[in-house]
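These are the residues of each chain, in order.
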Amino acid sequence: MARPHVYVALPLPDQSIARIVDACEVARYGQRGQPSRDELIAALASAEGLLGSAMLAVDEGVLDSAPRLRVVSNFGVGYNNVDVDAATRCGILVCNTPGVLSDAVADLTMGFIISLARRLPEGERFVRDGRWAPGQGVRLGNDLRGKMLGIIGMGRIGREVAQRARAFGMDGCFYDAFEQQLDESLVFCAPIALDDLLRDSDYVSLHVNLTPETHHIIGARELSLMKPGAYLVNTSRGQVIDQPALVEALRSNTIAGAALDVLEQEPPAADEPLLQLDNALVLPHIGSATVETRRAMLELAIDNLLVALRGETPQCVVNPEALATRRVPS
Ligand code: 8YV
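Residues take numbers from 1 onward in each chain, read along the sequence in its written order. Per-residue local features of the predicted model are confined to residues with pLDDT of at least 70, and side-chain atom pairs are confined, for both listing and counting, to 80 or more; whole-chain, interface and lining totals are unaffected and use all residues. Values shown for side chains rest on all heavy atoms present in the structure; no hydrogens or waters enter the calculation.

**Let's talk about helix H7 (residues 156-167)**
For clarity, the cut-off: For the purposes of this entry, the term helix denotes a DSSP run of H or I that reaches at least four residues, the term strand denotes a run of E that reaches at least two, and both are numbered from the N terminus. Here a helix's expected span is defined as the number of its residues, less one, multiplied by 1.5 Å. The classification of residues rests on relative accessible area computed with a 1.4 Å probe and restricted to protein chains. Under 20% of the type maximum is buried, over 50% is exposed, and intermediate values are partly exposed. Here, two residues are considered to be in contact whenever any of their heavy atoms come within 4.5 Å of each other.
The end-to-end C-alpha distance of H7, which contains 12 residues, comes to 17 Å, matching closely the 16 Å that a straight helix rising 1.5 Å per residue would cover. If you check which residues of H7 are buried, you get Ile 157, Gly 158, Val 161, Ala 162, Arg 164 and Ala 165. Looking at the buried side of H7, the elements it contacts are helix H5 (102-117), strand E6 (148-152) and strand E8 (189-191). Gly 169, located one to two residues past H7, shows a positive phi value of around 85°.

Written out as structure tokens, the structure is:
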């Protein structure tokens, strides 16, 4: 049987894709960063499989110009980068890497919450700027015990965050558009309407997929419902927050602060106003960026790719309805 053609659009060391090279004819985007749309379209003229980051836009036009493509294997849990409806129409499977990164993202979320509560960035700047002198201190922070964490999106990551928050003595509530059956260990975390969650929480943390329904789920109105002393945390996708509205809320102290691992534009423009604000803590999309987690994500993404190319059913298919009409090798 002919070896399937695969395009690897991620900058990965040779040994990490050995399993693909053993089974497939591989073309690679060898540089840092990602291929442009034109480069992607050119590479997909013959490819049956694509392995790319969850930041690589695979839109309808790209899919329509990929006549042999059978699987898009995303290196990431998010799949808002792929036009899934178009993929399904074309009989292309879309795969992702859920589960293996939940701990890493939940850990970072707690890191953000602790940083905000204990004013870690402020303290660090204080020391580095040489302002630490006898009698000089920074403002007091707050305990987490007894504070309310509102979780928007109670999927795998939201649940891991809830467990961790509980260990710190926090109370929890959550909003989820889908009815969630939670196990007993999460009984302390009650479902609540979104507006009530915003009104009641000391920390609001976002753990939703980016969809038309969650786009700008936090805007000026939602920010105005939050307590003046509350903090907003986002480790999901930048577009779930109306960023200019958040800038305004931070400037006017409508809320106390925000910690963001994701932005509407990544990387941000040099003059992005958020970067001028002391009450905004911004990281460069590192939610899953640990050695162990990235390794597990890659293995899962490669499994999904190779299993799909063999005509079998991968572990993580975002569009299972495409299985019935999937493309066969031409
Ligand atoms: C990665 C992510 O940074 O899993 C996701 O959806 O956003 C992150 O884990 C990204 O996928 C790397 O390409």
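Having seen it, we continue.
**Some words on the site of the ligand**
The following threshold applies: Residues are classed as near a molecule or strand on a simple rule: at least one heavy atom within 4 Å of it. Side-chain atoms alone can form a polar contact between residues adjacent in sequence; in general such a contact is a pair of N or O atoms within 3.5 Å, and within protein one must be able to donate a hydrogen while the other accepts it. To be clear on the numbers: accessible area is Shrake-Rupley with a 1.4 Å probe, and residue cover counts the displayed protein chains and nothing else. For this scheme, ten residues count as nonpolar: Ala, Val, Leu, Ile, Met, Phe, Trp, Tyr, Cys and Pro. Four count as charged, namely Asp, Glu, Lys and Arg, and the remainder, Gly too, count as polar.
Near the ligand there are 13 residues, and of these Phe 75, Val 77, Arg 237, His 285 and Ser 288 occur at the shortest range. Val 77 places a main-chain nitrogen or oxygen 2.8 Å from an oxygen atom of the ligand. Within the side chain of His 285, a nitrogen or oxygen atom sits 2.8 Å from an oxygen atom of the ligand. With the chains in place, 89% of the 330 Å² that the ligand exposes on its own is no longer accessible. A class-by-class count of the residues in the shell around the ligand yields 6 nonpolar, 5 polar and 2 charged.

**Description of the nonpolar core**
What counts, and what does not: Buried Ala, Val, Leu, Ile, Met, Phe, Trp, Tyr and Cys residues form a nonpolar core when they are joined through side-chain atoms within 4.5 Å.
Ile 20, Leu 51, Ile 113, Leu 149 and Tyr 203 are the most contacted members of the largest nonpolar core, which has 49 residues in total. Where this core is concerned, the elements lending two or more residues are strand E1 (5-8), strand E4 (71-75), strand E5 (93-95), H5, E6, H7, strand E10 (231-234) and helix H11 (291-309). Ignoring sequence-local partners within four residues, the contact set of Ile 113 consists of Leu 144, Leu 149, Met 170, Tyr 203 and Val 233. Grouped together as the second largest cluster of nonpolar side chains are 30 residues, Leu 194, Val 247, Leu 250 and Leu 260 included.

**A closer look at unusual backbone geometry**
A cis amide bond links Glu 266 to the next residue, Pro 267, at an omega of -10°. If you trace the backbone, Pro 267 turns up in the loop between strand E11 (257-260) and strand E12 (280-282). A positive phi is found at His 216, a non-glycine position, where the angle reads about 55°. Relative to the assigned elements, His 216 resides in the loop between strand E9 (203-206) and helix H9 (220-225).

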